[in-house]
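# A look at the structure
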Amino acid sequence: MPLVAVRPFKSPRVSAATQVSMMTSIPSPVGGLNFRDPISEMPATDAMVLNNFIPQRTGCLLRKGWQYSCNVLDDPVTSLFSYNAADSADNKLFAASGGSIWDVTGEDAVESQASTGSTDGIWSTTQFALVSGEVVLLAVSPGAGYWVYEATSGWTQTTPTNLPTDLSSIAVWKNRVWFTEDKTSTVYYLEDVDAIDGIAVAFEMGSLLRNGGSVRGLINWTLDSGIGVDDYLVVVGTEGDVGVWQGTDPTSAATFGLKGVWYVGPVPAFGRFFTAYGGDVMILSELGLVPMSRLVNGQFSEIQPGPSSKIQSVLSPLIVQYRDETSWDVILVPNSDVLIIKVPPQNGIYVQYAMNVNTGSWCSFSNMPMVCTALLNGQLYFATDDYGIAKGLYGEQDGLTIANTSGDYVSGDVQGAFNSYQMPGRLKKFTMVRPVFITTKAPGVKLRMNTQYSFTGVPGTPSFSADTTSEWDTGVWGTAKWSGASNTYENWFGVTGLGYFGAVRLRAKGVGGSTTLSSYHVLYEPGGIM
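Note that the coordinates shown come from a computational prediction; the quantities given were computed from them, not determined experimentally.

This brings us to the overall build of the chain. The number of helices and strands found in the chain is two helices and 42 strands. Per-residue burial for the chain yields a buried fraction of 51% across its 530 residues. Partitioning the contacts of the chain with sequence separation of at least 6, the portion at a separation of at least 24 is 60%. Accessible area of the chain: about 23,800 Å², with a carbon and sulfur share of 51%.

In structure tokens:
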């Protein structure tokens, strides 16, 4: 059979184009803020910026908002404290303002006790259960002395024999009330157990203050040391000395003794510088958050850092600079699974640091003007810089009025770790980014690609409207989203950037408490070495 020549193509054949672009999926920075590790070696799950996003196991959740709960007072609020009664119907939230104590439980503040005599308006409080079963609130403040609040009779100034009026803190240990005198090394305790009045006995703590200063506070610490559960009295000095006492009766050396003295660094001068944390106590100092259990066991050091090690390089200078400013708070918020370090305002700007108690990951909060804080019925409350009282980590918007108006949806800012995209020696041209959100409403997003270890922010705030619910008989089937249910939202955004390393900088605005950043998809074109 003869061969037949192949007829030539009328048009030239085009070879398949070589693939140029590549795509990599980057996880959400669930490891939280990391100011500890080198930028070039940071895990992909960590972040250099994580503001108003709480790192969780499955993604980063845009924090809840805050809403005013009580109308503004005439003077600044300097302290906020709660009373949790035996009958929850009698629970109260109190604020110190203008030398008086105000009941701010409702929408309008009511003066509960006038002219307390407090010189700085900073109060220390604790709960105490009487033998009768009634729960009372004990409160002290420099210049004001010692006050007791009962649900039936209100506030009463109590004057135990020998007790000075210049008191700075109060605690209950082994059913005995203890006090610290402001700017001295002397503490006092009531002679009688289960009593809130009587004779006060002075006890000198100067011998354990090896770095000088005065006694800053007293803490009741419950610990199982191997021979059963016991309560220890922790005495903290202003310059960082921590003494742990064990026993029952401080009147006898045979039944009350010093177990040891440790050092944690200077502590803040004002506010609540410690908090109970499970079966432990966390102390805030220039060394960061120090767990008492690890401190006394010799497990807190540079080799075995504490829970705040990832943010220590930022937190420690803040404590050094603002140590004497009002006021610091360390507060655990169980219904949001976060521990918050409230920092004094920096040039009028309020920033807090928050740790997810389930993962130990850190983030920062902004746009919540926290002056002082308290918990009531498990809800976080804080005094605002305009003399109001607000519920924190509550609702979907920031700054809502009592009438549910004038709020603004929560805005967050993220920059994850720099990534070489498995080609550290090759230049890359970044072209597009697709963030993936799981939320009830599509968030507003603005982003950019930062290269070569730059931290340029995204200008402006993305626009967002929550009124995107599809209507029946109007929405397009297969496209419209069901109302109230979480959906996945993802869109491509064009970016520019040329470098060996890249990190997405993103600002998002959306529904607080239900907007989760799940991951990013990054599209780029790999180039040569030069």
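Here we come to the nonpolar core. Ranked by size, the top nonpolar core spans 58 residues in total, and within it I340, I341, Y520 and V522 carry the most contacts. Setting aside residues up to four positions removed in sequence, Y520 forms contacts with T24, S25, I26, P27, P29, V414, V433, R434, P435, V504 and L506. By size, the runner-up hydrophobic cluster in this structure holds 17 residues, among which are I170, F179, Y188 and A200.

Below, the discussion takes up the confidence of the model for the chain. Per-residue confidence for the chain gives a mean pLDDT of 92, with 92% of residues at or over 70. Residue range residues 1-6 is modelled with pLDDT below 50. Its contacts to residues more than four positions away, or to other chains, number zero contacts.

With that settled, consider the pattern of salt bridges. Going through the model one piece at a time under the given rule, you end up with 10 salt bridges. Taken together, the salt bridges that share partners define one network made up of D413, R505 and R507.

Moving on to the state of the cysteines. Overall, the coordinates contain zero disulfides when judged by the stated rule. With no disulfide of its own, C60 has C363 as its nearest cysteine by sulfur position, at a separation of 8.4 Å. Here C363 falls in the buried class, since its relative accessible area comes to 1%.

With that settled, the discussion passes to the sheet that holds strand β24 (residues 274-277). An order of β24-β25-β26 is seen for the three strands of this open sheet, with the pairing classed as antiparallel. Every other strand in the sheet has two partners, leaving β24 and β26 (288-291) as the edge strands with one partner each. Sheet twist, expressed as the mean angle between neighbouring strand axes with direction ignored, is 25°. In the sheet, strand β25 (residues 280-285) pairs with β26 via four bridges, with the strands oriented antiparallel. Residue I283 lies in a different strand from β26, and its bridge partner there is V290.

Moving on, we come to the packing of aromatic side chains. All chains considered together, the criterion is met by 26 aromatic pairs. Each ring, one from W178 and one from Y189, has its centre 4.9 Å from the other, and the planes form 40°; the classification is tilted. One end of the pair, W178, is in strand β16 (residues 176-181); the other, Y189, is in strand β17 (residues 186-190), with 11 residues separating them in the sequence. By relative accessible area, which is 3% here, Y189 ends up buried. When the ring of F273 is compared with that of F274, the centres are 5.1 Å apart and the planes differ by 80°; the resulting orientation is edge-to-face. For F273, a relative accessible area of 1% puts it in the buried group. The ring centre of F365 lies 6.0 Å from the NZ or CZ of R63, which sits over that ring. A cation over a ring is seen here: K391 above Y394, with NZ or CZ 4.5 Å from the ring centre.

Next up on the list: helix α2 (residues 312-322). Listed as buried for α2 are Q312, L315, S316, L318, I319 and Y322. Along the axis of α2, the buried residues cluster in a sector spanning 160°; they form a single face. Taken together, the buried residues of α2 touch β25, β26, β27 (328-333), β28 (338-342) and β29 (351-356).

What follows is about the pairing of strand β20 (residues 229-237). Both strand β19 (residues 215-224) and β20 contribute to a ladder of nine bridges, which runs antiparallel. Considered in β20, the bridge of N220 is made with L233. As defined by bridge partners, β20 adjoins strand β21 (residues 241-247) across four bridges and the pair is classed as antiparallel. Residue pairing for β21: V236 is matched across the bridge by V242.

Rules used in this analysis
- Residues numbered from 1 in each chain as written.
- Predicted model: local features only at pLDDT ≥ 70, side-chain atom pairs only at ≥ 80, totals over all residues.
- Heavy atoms only, no water.
- Helix = DSSP H or I, 4+ residues; strand = E, 2+ residues; numbered from the N terminus.
- Buried < 20%, exposed > 50% of the residue type's maximum accessible area, 1.4 Å probe, protein only.
- Contact = heavy atoms within 4.5 Å.
- Areas by Shrake-Rupley, 256 points an atom, 1.4 Å probe, with all protein chains shown as cover.
- Core = buried A, V, L, I, M, F, W, Y, C linked by side-chain atoms within 4.5 Å.
- pLDDT = per-residue confidence, 0-100.
- Salt bridge = Lys/Arg side-chain N within 4 Å of Asp/Glu carboxyl O.
- Disulfide = S-S within 2.5 Å.
- Pairing = 2+ DSSP bridges.
- Axes fitted to C-alpha atoms, helices over the stretch in contact; angles between N-to-C directions.
- Phe/Tyr/Trp six-rings, centres within 6.5 Å; stacked < 30°, edge-to-face > 60°.
- Lys NZ or Arg CZ within 6 Å of the ring centre and 35° of its normal.
- Arc of directions from axis to C-beta.

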